[in-house]
Structures are given as structure tokens and as C-alpha cells.
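# Examination of the molecular architecture
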Amino acid sequence: MTVKISGTGSALPEKTVTNFDMAKLVDTSDEWIRERTGIAERRISTKDTVSTLAAKACQAALENAGASAEEVELIIVATCSPELLLPCCACQVQSVIGAPHAVAFDINAACSGFLFALNTAYAYMNTGLYKNALIVGSEVLSKLVDWSDRSTCVLFGDGAGAAYIQTVKDEEALCENGRHSGIESIVQGSDGSKGMVLSCGERGVSNPFANDSEQPSKYIHMDGQEVYKFATRQVPACISEALNKAGIGVDDVDKFVLHQANVRIIESVAKRLKADISKFPMNLDRVGNMSSATIPVLLDELNRSGQLKRGDRLVLSGFGAGLTYGASVIVW
Ligand code: COA
């Protein structure tokens, strides 16, 4: 038995905000943002929520897989920007798409979220508990961003991506090139001791019995250089570990689908791995950093534009707040 991705979907808000639009809000320029990050524009929600985007991405993934919501057994939404604390976004999605038989819950591993959700579903499915799952990364980061802080507001965008994964028999997973579709290795890690280099507060302790306590900032706060150092060190290290676990080398990989935070981080990872940069597809110029949604949105773009063939070997790798990081080797 193996677990393979049978369909993908994504949903982006309609409104495009360019770097020139950003320069009207804060003291920045198209040149600075492009040079330091590679981002030219991002999508910003004017009405979509994390759950409406997630539901649209799930419906598209089911359609792409030729599956129905009725048969879905597990829904995991990765998000760090839900519109409600209760109920969780996955339950909202379950209700909207009509998947009454699914178990639904959220996880928060920030930008590593989609990868962690995929790995969680994989672990469940490996035990035989569920036969399929909808895995989603959905974010409306625009409501967590301080729109007067030029060092963060230019980086992020809103959107959602989803994948429908299924347990299949080995013979059904056999590809023309002799590889088997499925997950070949998983590496994931966390370093909570460095959590405050990328943080965003919610409500602090507040009740009739508490002394007045300082309320945390409700906006994203980031030490960009610390995050940059962490990503450029940790991402190549965990990708190398995942490749070792799978018993393969960099040259055996067809595409590296990395979290889209910054083009310089992706270029640095490619250099450290001694991998050809043309194997690192990117869309951050058009959508910015959408946290947990970046990997599944990029995967969906590649899938729908015919850039993925069954049997292609992909490395998915993410990093972000927590701090969290991970890499998975999969065969498409
Ligand atoms: N436009 C113009 N100038 C800006 C700016 C902007 N949008 N944002 C910051 N600056 C300024 C700073 O104020 C600073 O000015 P100063 O020298 O007068 O103090 C200068 O640019 C350099 O700032 P610095 O923070 O050193 O820039 P940097 O080269 O580290 O680039 C990031 C900033 C955020 C692009 C970079 O650190 C980065 O990409 N880090 C990783 C962040 C990330 O990926 N986070 C998400 C993880 S999931």
C-alpha cells in the first residue's frame, strides 16, 4: 500500500496588489521589494476568509481527483490565520463542501503547515485508520499584518491550496518509469526556543480574576535576518536528510517545491545543495508568501499546467514560525 496525491486545487482572492500599490502605503519601492524578496505582487482578500478559500481549494482538488466530498474520510486544514477560534476551519470546510463522513481538525505549524498536515494524514493512513484525506493550507495573512510596517507588510499574501490523497495498492501506484507514486521519506522538526523571531499574538490572559496583564501585539512581528539565517541553514540540511532517508541523491530529484518566502532563500538552498536552480519552480513573484498555502498552490499550478508527470520525484520543503521546518520526498 502507498499514499499518493490524486488531485490538487487552489483558490486565490481576486484583488492583486502590486509593489507600486504598496509604495503608496509605506516608504518602499518596487525595486527594493523585487531585489530583496523576488515578489512583484500578491493577492489580498477583500471578502474571502480562510474557510471560504479553503473550501474552494478543496472542491477543486476533489474535482481534479474525480472524487466526491461524500467519500472524504479526513480533512486537515493547516492555518495560522483562521477567522474563528471555534469551530476550527476544517469543520467549516466539512460543512461547506458536504463531507459528513470526514473527521476534521486544524493544525498550526505556520509555513510548514501543509507539509505537517500531509505527514499527519500519511501517518494516519499508514495505520489503516483512513483511506483518503483532504489536506489544505489556507491563509488570510493580510489581517495579521501591520500595514504600516514596511519590513513585513510587503512580504505576505492570501490564498489556499489543497491536495486529495488516497491509499492505493502498490501495483496501482506503478508509474511508466518504474517508480511508485507515493511518499518516500519524511523529515520534520521544530525549535520552539527561537519561536519569538517570528510571532503574532492573540488574546492574552484576561478574566475577572486576572491582574491586568500586558496584551500581546496582534500583528506579525519578525526578525527577518534571523529567519533568513535559519531558513538558509535548516532547509538544505533537512532536504539532505530526507534524500538520505530515501536512499537517493540531489540528481534523482526532478523538482524542489519549496515554501515561497523569498527568492534569495530558494537560490541559497539550491546553491548549498549543488542543485540546478531550474529545478526550483517559483510563483512568489505573483503571490508572495502565503504561509501554509504556498506549497499546495504551487503544486496545483504545476499540476494544472502539465508540468508534473506521474513518476516525477519531488521534494516538498517548508519552514516558518515555531520555528518549524520539514522536507518530504514524494513520487508524483
Ligand atoms: N522597503 C524599503 N526598505 C525597507 C523595507 C521595505 N519594504 N523593509 C525594510 N527596509 C529597510 C530597513 O528599514 C533597513 O533600513 P536601515 O538600514 O535604514 O535600517 C534596510 O531596509 C535593511 O533592512 P534589513 O532588515 O537588514 O533587510 P534585509 O536585507 O535583511 O531584507 C527581508 C529584509 C525581510 C527581505 C529579509 O531579511 C528576509 O527575507 N528574511 C526572511 C523573511 C522571511 O522569509 N519570513 C517568512 C518566513 S516563513
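Before going into details, it helps to say that this report is about the structure given with it.

The rules behind the values
- Along each chain, the written sequence defines residue order, and numbers are assigned to residues from 1.
- Confidence filtering applies because this is a predicted model: local features only for residues at pLDDT of at least 70, side-chain atom pairs given and counted only at 80 or more, and all residues used for totals across whole chains, interfaces and linings.
- Processing note: side-chain calculations cover all non-hydrogen atoms of the structure and skip hydrogens and water entirely.
- Under the pairing criterion, centres of Phe, Tyr and Trp rings, with the six-membered ring standing for Trp, must be within 6.5 Å; the plane angle then separates stacked pairs below 30 degrees from edge-to-face pairs above 60, leaving the rest tilted.
- Numbered from the N terminus, helices here are DSSP runs of H or I no shorter than four residues, and strands are runs of E no shorter than two.
- Relative accessibility decides the category of a residue: with a 1.4 Å probe and only protein chains considered, values under 20% of the type maximum give buried, values over 50% give exposed, and everything between is partly exposed.
- As used in this structure description, the phrase polar contact means that two N or O atoms lie within 3.5 Å; if the pair is within protein, one of them must be able to donate a hydrogen and the other to accept it, and residues adjacent in sequence are counted only when both atoms belong to side chains.
- Put simply, a residue is near a molecule or strand once any heavy atom of it comes within 4 Å of that molecule or strand.
- For the accessible areas, the method is Shrake-Rupley and the probe is 1.4 Å, while residue cover comes only from the protein chains on display.
- Three classes are used, and their members are as follows: Ala, Val, Leu, Ile, Met, Phe, Trp, Tyr, Cys and Pro are nonpolar, Asp, Glu, Lys and Arg are charged, and the others, Gly among them, are polar.
- What marks off one domain from the next here is an automatic or database domain assignment.
- We treat two strands as partners when DSSP finds at least two bridges between them.
- Axis angles are defined between N-to-C directions and span 0 to 180 degrees, where every axis is a line fitted to C-alpha atoms and, for a helix, only to the segment in contact.
- Contact between two residues is taken to exist if any of their heavy atoms lie within 4.5 Å; hydrogens are not considered.

## Looking at the packing of aromatic side chains
Following the criterion strictly, the structure yields 4 aromatic pairs and no others. Aromatic rings pair up to connect Phe105, Tyr124 and Tyr130 into one cluster.

## A closer look at the side chain of Ser51
As for its placement among the helices and strands, Ser51 is situated in helix α3 (residues 50-65). Overall, the relative accessible area of 7% leaves Ser51 in the buried class. A polar contact of 2.3 Å, which involves the side chain of Ser51, links it to the side chain of Glu83.

## Looking at the site of the ligand
Neighbouring residues of the ligand: 23 residues in total, closest Thr28, Arg36, Gly224, Gln225 and Asn262. Trp32 is positioned with one of its side-chain polar atoms (N or O) 3.4 Å from a nitrogen atom of the ligand. Gly224 places a polar main-chain atom, nitrogen or oxygen, 2.9 Å from a nitrogen atom of the ligand. Alone, the ligand offers 960 Å² of accessible surface; in the complex the protein occludes 72% of this. The class makeup of the residues in the shell around the ligand is 10 nonpolar, 9 polar and 4 charged. A domain-level breakdown of the shell around the ligand finds at least three residues from each of domain 1 (2-173) and domain 2 (182-331).

## Some thoughts on the sheet that holds strand β12 (residues 313-320)
For sheets, the rule is that strands pair by backbone hydrogen bonds, running either parallel or antiparallel. Pairing within the open sheet is mixed, and its 4 strands lie in the order β8-β13-β12-β11. Both edges of this open sheet fall to β8 (182-190) and β11 (255-258), since each of them pairs with a single strand only. Adjacent strand axes in the sheet meet at a mean angle of 15 degrees, parallel and antiparallel pairs treated alike. Here 8 bridges tie β8 to strand β13 (residues 324-331), and the two strands are oriented antiparallel to one another. By the bridge assignment for β13, Ile186 is matched with Ser328. Packed on one face of the sheet, helix α5 (residues 113-126) meets β8, β12 and β13 and runs near 120 degrees to β8. Lying on the sheet, helix α8 (residues 224-246) is in contact with β8, β11, β12 and β13; it crosses β13 at an angle near 35 degrees.

## Topic: the side chain of Ser138
Position of Ser138 relative to the elements: it lies in strand β6 (residues 132-140). Classification of Ser138 by relative accessible area gives buried; the value is 0%. Within the structure, the side chain of Ser138 is placed 2.8 Å from the backbone oxygen of Val50, a separation counted as a polar contact. Contacts of Ser138, omitting those with residues within four sequence positions, involve Val50, Leu53, Ala54, Ala78, Thr79, Ser81, Gly159, Ala160, Ser292 and Ala293.

## Regarding the sheet that holds β6
Taken in spatial order, the 5 strands of this open sheet run β1-β7-β6-β4-β5, and their pairing is mixed. The outermost strands of the open sheet, each flanked by one partner alone, are β1 (2-11) and β5 (103-107). Each strand of the sheet is rotated relative to its neighbour by a mean of 20 degrees, with strand direction disregarded. Note that strand β4 (residues 74-78) and β5 share 5 bridges and pair parallel. When the sheet's bridge partners are listed, Ile76 is paired in β5 with Phe105. Against the sheet, helix α11 (residues 294-304) makes contact with β1, β6 and β7 (158-168), and its axis sits at roughly 95 degrees relative to β1, the strand it touches most.

## Regarding the pairing of β12
Most of β12 sits inside the fold, with 8 of its 8 residues counted as buried. Alternating residues of β12 divide into Arg313, Val315, Ser317 and Phe319 and Leu314, Leu316, Gly318 and Gly320, and every residue in both groups is buried. Both β11 and β12 contribute to a ladder of 4 bridges, which runs parallel. Bridging across to β12, Leu258 finds its partner in Ser317. Relative to β13, β12 is paired through 8 bridges, and the arrangement is antiparallel. Across the sheet, residue Leu314 finds its bridge partner in β13, namely Ile330.

## A look at unusual backbone geometry
Glycine aside, residues mostly have negative phi angles, and peptide bonds mostly take the trans form. Of note, the bond from Leu86 into Pro87 is cis; its omega dihedral lies within 30 degrees of zero at -5 degrees. With respect to the helices and strands, the residue Pro87 is situated in the loop between β4 and α4 (89-97). Look at Lys274: it is not a glycine, yet its phi comes out positive at around 60 degrees. One can find Lys274 in the loop between α9 (263-273) and α10 (284-287). Even without being glycine, Ser291 reaches a positive phi, approximately 50 degrees. If you trace the backbone, Ser291 turns up in the loop between α10 and α11.

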